[in-house]
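Residue-level structure breakdown
Okay, here's what each chain looks like letter by letter:
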Amino acid sequence: MKKIIISASRRTDIPAYYADWFFERLKKGFTFYSNPYSNKPIYVNLRPNYVQAFVFWTRNPYPLFKYLDYIDDVYNSSHYMHITINGQPKEFEIRNPKTDFVIKYVEKLAYRYGKHYVQWRYDPIILSSLINELYIYDKFEELAKKLSLIVNKCITSFVDFYNKTKKNLYTLYRNNNIQFYDPNRDKKIKIIKNLQDIAKNYKLNL
């Protein structure tokens, strides 16, 4: 029998906002999600003998903590987390918890599972009239200094200007008069090289 890996979830932040729902679905042993193109429901078997592992994506792991014992016992601790910590200005992170709050729980996860468990995401990189290159480097180093003690790897990317992204950024522009820029390839390479130099100083894989 072929087991599957469950991504929970890049569409929405299940650990932060739907941890209780997720736990109930685990106990039921199945769930459905909508096909993004046809909108038809797709069945997902969540019984332990069908699940290889879970990959959690979140900006706030705290609400899932009360269910970790259950997940570990039933699914043999087969899971890890992508946790986004950017430390962007409040205009960009209206509903996100404070960085120190999240780092505290990353530390708890590292103590419980090891430094390999959390994949720190410093993304997306967004250049704007509020966030310039210097801000990106300074904030990355500030976070790297703290997180390098409890994680091994950081993943980063530049914002993709999808239609939904453009709509959200336009709202920020309209409400806060923030201008956004899409850097060219050379600028992106320069930024990534500088971030990589910082990461190496803290023995982080970028």
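For the structure given in this document, a descriptive report is provided here. Predicted, not measured: the structure shown is a model, and the values here were computed from it.

Focus: the nonpolar core
Membership of the largest hydrophobic core comes to 55 residues, with the highest contact counts inside it found for Phe54 and Trp120. Sequence-distant contacts of Trp120, defined by excluding residues within four places in its chain, comprise Ile83, Ile85, Phe140, Leu143, Ala144, Leu147, Val151, Lys153, Cys154, Ile155 and Leu204.

Quick notes on the sheet that holds strand β8 (residues 154-158)
The strands making up a sheet associate through backbone hydrogen bonding, with each pair oriented either parallel or antiparallel. Across the sheet, which stays open at both edges, the 5 strands sit in the order β1-β4-β5-β6-β8 with parallel pairing between neighbours. In the strand order of this sheet, the two ends are held by β1 (4-8) and β8, each with one partner. Neighbour-to-neighbour, the strand axes of the sheet open up by a mean angle of 20°, direction not taken into account. Sheet topology note: the β1/strand β4 (residues 51-58) ladder contains 5 bridges and is parallel. Across the sheet, the residue bridging to Ile6 is Phe54, located in β4.

Quick word on empty space enclosed by the protein
Throughout the structure, instances matching the rule amount to 3 cavities of 30 Å³ or more. By volume, the largest cavity is sized at about 80 Å³. Considering the residues around the largest cavity, the lining is formed by Asn86, Gln88, Tyr122, Asp123, Pro124, Ile125, Ile126, Ile131, Tyr135 and Ile136. Residue assignment for the lining of the largest cavity shows that the elements contributing at least two residues are β6 (118-125) and α5 (133-147). Top contributing element to the lining of the largest cavity by residue count: β6, with 4 residues. Broken down by class, the residue content of the lining of the largest cavity amounts to 7 nonpolar, 2 polar and 1 charged. As for the second largest cavity, its lining consists of Arg59, Thr84, Ile85, Asn86, Gly87, Glu93, Asn96, Pro97, Thr99 and Val102. Classifying every residue of the lining of the second largest cavity by side-chain character gives 3 nonpolar, 5 polar and 2 charged.

Observations regarding the environment of Tyr135
With respect to the element layout, Tyr135 can be found in helix α5. When its relative accessible area of 25% is taken as the criterion, Tyr135 is described as partly exposed. Counting along the chain gives 47 residues from Tyr135 to Gln88, while the straight-line C-alpha distance between them is 9.0 Å. If near-sequence neighbours (up to four positions away) are discounted, Tyr135 is found in contact with Gly87, Gln88 and Pro89.

The rules we used
Residues numbered from 1 in each chain as written. Predicted model: local features only at pLDDT ≥ 70, side-chain atom pairs only at ≥ 80, totals over all residues. Heavy atoms only, no water. Core = buried A, V, L, I, M, F, W, Y, C linked by side-chain atoms within 4.5 Å. Buried < 20%, exposed > 50% of the residue type's maximum accessible area, 1.4 Å probe, protein only. Contact = heavy atoms within 4.5 Å. Pairing = 2+ DSSP bridges. Helix = DSSP H or I, 4+ residues; strand = E, 2+ residues; numbered from the N terminus. Axes fitted to C-alpha atoms, helices over the stretch in contact; angles between N-to-C directions. 1 Å grid on protein atoms, 1.4 Å probe; cavity = no way out; pocket = protein on both sides within 12 Å on 5 of 7 lines; lining within 4 Å. Points joined across faces, edges and corners; volume = space filled by probe spheres on them. Nonpolar A, V, L, I, M, F, W, Y, C, P; charged D, E, K, R; others polar.

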